[in-house]
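Spelled out from the first residue to the last, the chains are:
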Amino acid sequence: MPTSLLSLPLLDTCAFGWDIGLIGGVLALPSFQQYFGLDKESASARASLSGNIVSVLQAGGLCHHIKLVGEPIWQKAFAVGSAIQSIVGLGSTPAAGLKLLYFSRFLGGVGVGLMSALVPTYVSECAPRVIRGRCTGGIEVAVGLGNMLSFWVNYGVALHISPGEMQWRTPIIVQMLPGIIFFLFMLFQPESPRWLVERGRYTEAADALGYIVRKDSQDDAVQLTLSEIREEFADKRKLPITTQFKKMGENRIIALRCLIPSIATFFQQWTGTNAVNYYSPIIFANLGISSTTASLFATGIYGVVKFVVTCLVLAFVIESWGRKRTLIYGGLAQAITMIWIGGYSAVHPEPTVVPSTYSCPIAVGVTWLFTYVIAQITPIMLAHITYGTYLVFGVASVIMAIWVYVCIPETTGYPLEDVRYLFEKDIIIRSLQDAPGGRIFLGKRCAILCGGVEEKLLRMLTRNLRLVT
């Protein structure tokens, strides 16, 4: 499949990751604090202001639910918001500049929120199913790359640009580059085949599928894939948003399928991963790395480690372990790390000793809602309950791992169109059956596949062999 088809959306996700990692380092710069008067505030007021500055982007991200989804305005909003951020306060008082900063980050959040909803959908719908897991996992690699680059840009400006307005404006200006490159080159990429089928544009959908797998649009394998997508949309019709919400609770199975992604993203935020991304300079300062340059350097090292581990997991772990086991072990590892940091901070309340090691649309809406919550309350938690912050994240990670163990079936190897059948019957039994050591709780019980999945898997295997040959 064409490299550009996935590399360009991932480039845009890199811009998303860049924005996540950018603001924490900018907040830590004395030039930024002096310009907006944060250095004159009490610790409590400074924590509240920092939370407001960070979380207003997540408030904008919630706006991805509006009807603009799928329109080019999402990239424009991000670009315009980033541009306004880079010039806030020019020719005005710092108080007026702070209000403009709030507005620009909200506007940029609208673009980032829509981006976070559209890019995973585009990648998953365009990627061949045999590599879909790695392709969608590449989104996290791109986010990690953006984080890492933003951390090192923040460190670079702290080291090489003298304190002043350009010291904190430069990182905001630089973050616009990946978004601009994406916007220009994405104009030449095909539309999602599933989006085209949903609108009855079957010839264009066949052409897009052929382009993706580098085969003629009339090839048997391409036509078989197209017929399966058409079959999925055959009985569907456009429903008003209120009717869609009502149908989410139509029966237990549908409600469960709608709730699981939202619960998963809820736990993702409460593991503390984005709290570290947003406030890593503050966290490292609390652990004893007091100078701004040193804390930004430590943040950069954290970004490199995170990026490398994400790449290794994507390359060697996610397909061999499967999604379920990776989630369980990842949650436990996150819990151990957070509880260790909390315990260390409790034993060393004064930051004088540095530790030797630092070991569907509603779901996206829940992600942004609790990203906003975490961004808003993390500096306040760090100021008031200190080490208890990490213990909260650690306990949430343990709960998440248990929930995944009991309630989430393994999806590796199942076509996207057939994943829904995993939730039709015996979901707890199937989840335990797929969990490491879970069979000891089941005895002789075994989950039953519904919806003719066995036959469809055989068809999928036949098609994949055709695509390879």
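Anything mentioned here points back to the structure above.
Just so we're clear, the structure is a prediction, and the values are computed from it rather than from any experiment.

How each quantity is defined
- Residues numbered from 1 in each chain as written.
- Predicted model: local features only at pLDDT ≥ 70, side-chain atom pairs only at ≥ 80, totals over all residues.
- Heavy atoms only, no water.
- Helix = DSSP H or I, 4+ residues; strand = E, 2+ residues; numbered from the N terminus.
- Buried < 20%, exposed > 50% of the residue type's maximum accessible area, 1.4 Å probe, protein only.
- Areas by Shrake-Rupley, 256 points an atom, 1.4 Å probe, with all protein chains shown as cover.
- Expected span 1.5 Å × (residues − 1).
- Arc of directions from axis to C-beta.
- Polar contact = N/O pair within 3.5 Å; in protein donor to acceptor, adjacent residues only side chain to side chain.
- 1 Å grid on protein atoms, 1.4 Å probe; cavity = no way out; pocket = protein on both sides within 12 Å on 5 of 7 lines; lining within 4 Å.
- Points joined across faces, edges and corners; volume = space filled by probe spheres on them.
- Nonpolar A, V, L, I, M, F, W, Y, C, P; charged D, E, K, R; others polar.
- Salt bridge = Lys/Arg side-chain N within 4 Å of Asp/Glu carboxyl O.
- Axes fitted to C-alpha atoms, helices over the stretch in contact; angles between N-to-C directions.
- Parallel < 35°, antiparallel > 145°, perpendicular 65-115°, else oblique.
- Contact = heavy atoms within 4.5 Å.
- Left-handed = near helix turned anticlockwise from the far one by under 90°.
- Core = buried A, V, L, I, M, F, W, Y, C linked by side-chain atoms within 4.5 Å.
- Phe/Tyr/Trp six-rings, centres within 6.5 Å; stacked < 30°, edge-to-face > 60°.
- Patch = residues over 30% accessible without salt bridge, like charges linked within 9 Å, V, L, I, M, F, W, Y side chains within 5 Å.
- Bend = angle between axes of the 7 residues up to and from the residue.

Novice: Go over the overall build of the protein chain with me, naming the residues and quoting the values.
Specialist: From N to C terminus, the protein chain includes 20 helices and 0 strands. The buried share of the protein chain, reckoned over its 469 residues, is 49%. A total of about 21600 Å² of accessible surface is found on the protein chain, and carbon and sulfur atoms cover 67% of it.

Novice: Residue-level account of the environment of Leu312, with values.
Specialist: Mapping Leu312 onto the fold places it in helix H15 (residues 292–321). With relative accessibility at 44%, the residue Leu312 sits in the partly exposed group. Taking the C-alpha atoms as reference points, Leu312 and Val141, 171 residues apart in sequence, are found 9.8 Å from one another.

Novice: Describe helix H11 (residues 220–233), naming the residues involved and giving the relevant values.
Specialist: Between its first and last C-alpha atoms H11 spans 20 Å; for 14 residues at 1.5 Å apiece the expected length is 20 Å, and the two agree. Those residues of H11 that fall on the buried side of the exposure criterion are Ala221, Val222, Thr225, Leu226, Glu228, Ile229, Glu232 and Phe233. The buried residues of H11 occupy one face: seen down the axis, they fall within an arc of 160°. Backbone nitrogen of Ala221 and a side-chain oxygen of the N-cap are separated by 2.9 Å at the start of H11; the cap is Asp219.

Novice: With reference to specific residues and values, describe the layout of surface pockets.
Specialist: Empty space within the second largest pocket amounts to approximately 760 Å³. Lining the second largest pocket are 30 residues; nearest its centre among them are Arg46, Pro281, Ile282, Ala285 and Asn286. Elements represented by at least two residues in the lining of the second largest pocket include exactly helix H1 (3–28), helix H2 (30–36), helix H3 (43–61), helix H14 (273–286), H15, helix H16 (323–347) and helix H17 (361–384). Looking at the lining of the second largest pocket residue by residue, the classes come out as 18 nonpolar, 11 polar and 1 charged.

Novice: How would you summarise the pattern of salt bridges if you had to cite specific residues and measurements?
Specialist: The final tally for this structure, using the stated rule, is 4 salt bridges. Residues Asp39 and Lys40 are paired through a salt bridge, measuring 4.0 Å at the closest nitrogen-oxygen approach. By relative accessible area, which is 36% here, Asp39 ends up partly exposed. For Glu204, the salt bridge identified is with Arg201, shortest N-O distance 2.9 Å.

Novice: Quick one: what's the story with the packing of H14 against H15, residue by residue and with numbers?
Specialist: Viewed as axis vectors pointing N to C, H14 and H15 meet at an angle of 150°, and their least axial separation amounts to 7 Å. In terms of their interaxial angle, H14 and H15 are classed as roughly antiparallel. Contact residues: Thr273, Val276, Asn277, Ser280, Pro281 and Phe284 in H14; Ser295, Leu296, Ala298, Thr299, Tyr302 and Lys306 in H15.

Novice: Describe the packing of helix H10 (residues 202–213) against H11, and please don't skip the residues or the numbers.
Specialist: Helix packing geometry: the angle between the two helix axes and the distance between the axes. Between H10 and H11, the shortest axis-to-axis distance is 10 Å and the interhelical angle comes to 130°. Taken together, the axis directions place H10 and H11 in an arrangement best described as oblique. Judged by the sense of rotation from one axis to the other, the crossing of H10 with H11 is right-handed. Each of Tyr202, Ala205, Ala206, Leu209, Gly210 and Val213 in H10 lies in contact with H11, whose residues at this interface are Val222, Gln223, Thr225, Leu226, Ile229 and Arg230.

Novice: I'd like a rundown of the nonpolar core, residues and numbers included.
Specialist: If you look at the biggest cluster of nonpolar residues, it comprises 38 residues, and the most contacted ones within it are Phe32, Phe36 and Trp168. Broken down by secondary-structure element, the contributors of at least two residues to this core are H1, H2, H3, helix H5 (94–126), helix H6 (132–160), helix H7 (165–174) and H14. A per-element tally of this core places H1 first, with 9 residues. Within the second largest apolar cluster, 18 residues are counted, among which are Ala275, Val276, Ile289 and Tyr302.

Novice: Please provide a residue-by-residue account of the side chain of Arg169, values included.
Specialist: Topologically, Arg169 is positioned in helix H7. Judged by its relative accessible area of 3%, Arg169 is buried. Engagement of the side chain of Arg169 in a polar contact is seen with the side chain of Glu165, the distance being 2.9 Å.

Novice: How would you summarise the packing of aromatic side chains if you had to cite specific residues and measurements?
Specialist: Applying the stated criterion across every chain, the model contains 17 aromatic pairs. Aromatic side chains Phe32 and Trp168 sit 5.4 Å apart centroid to centroid with 85° between the ring planes, which places their arrangement in the edge-to-face category. Taken together, the residues span a long stretch of sequence, with Phe32 in helix H2 and Trp168 in helix H7 at a distance of 136 residues. For the pair Phe32 and Trp168, one class covers both residues: buried. Aromatic pair Trp270 and Phe393: ring centres 6.4 Å apart, planes at 50°, arrangement tilted.

Novice: Lay out a nonpolar patch on the surface in plain terms, naming residues and giving numbers.
Specialist: A contiguous nonpolar surface patch, about 440 Å² in accessible area, is contributed by Ile180, Ile181, Phe183, Leu184 and Phe185. Summarising the element assignment, Ile181 is placed in helix H8 (residues 176–185).

Novice: Can you tell me about the side chain of Thr326, naming the residues and giving the values?
Specialist: Checked against the element boundaries, Thr326 lands in helix H16. Among the polar contacts made by the side chain of Thr326, one reaches the main-chain carbonyl oxygen of Gly322 at a distance of 2.6 Å. Sequence-distant contacts of Thr326, defined by excluding residues within four places in its chain, comprise Val313, Val317, Ile318 and Trp321.

Novice: Give a detailed account of the environment of Trp152, specifying residues and quantitative values.
Specialist: On the secondary structure map, Trp152 appears in helix H6. The class for Trp152 is partly exposed, based on a relative accessible area of 27%. Distance in space between the C-alpha atoms of Trp152 and Gly300 is 5.3 Å, their sequence separation being 148 residues. Once residues lying within four places of it in the same chain are set aside, the contact partners of Trp152 are Phe297, Gly300, Ile301 and Val304. One polar contact links the side chain of Trp152 to the main-chain carbonyl oxygen of Gly300, over a distance of 3.1 Å.

Novice: Tell me what's going on with H3, and back it up with residues and numbers.
Specialist: Taking 1.5 Å as the rise per residue, H3 with 19 residues should run 27 Å; its terminal C-alpha atoms sit 28 Å apart, in good agreement. At Ser55, H3 shows its largest kink, close to 30°.

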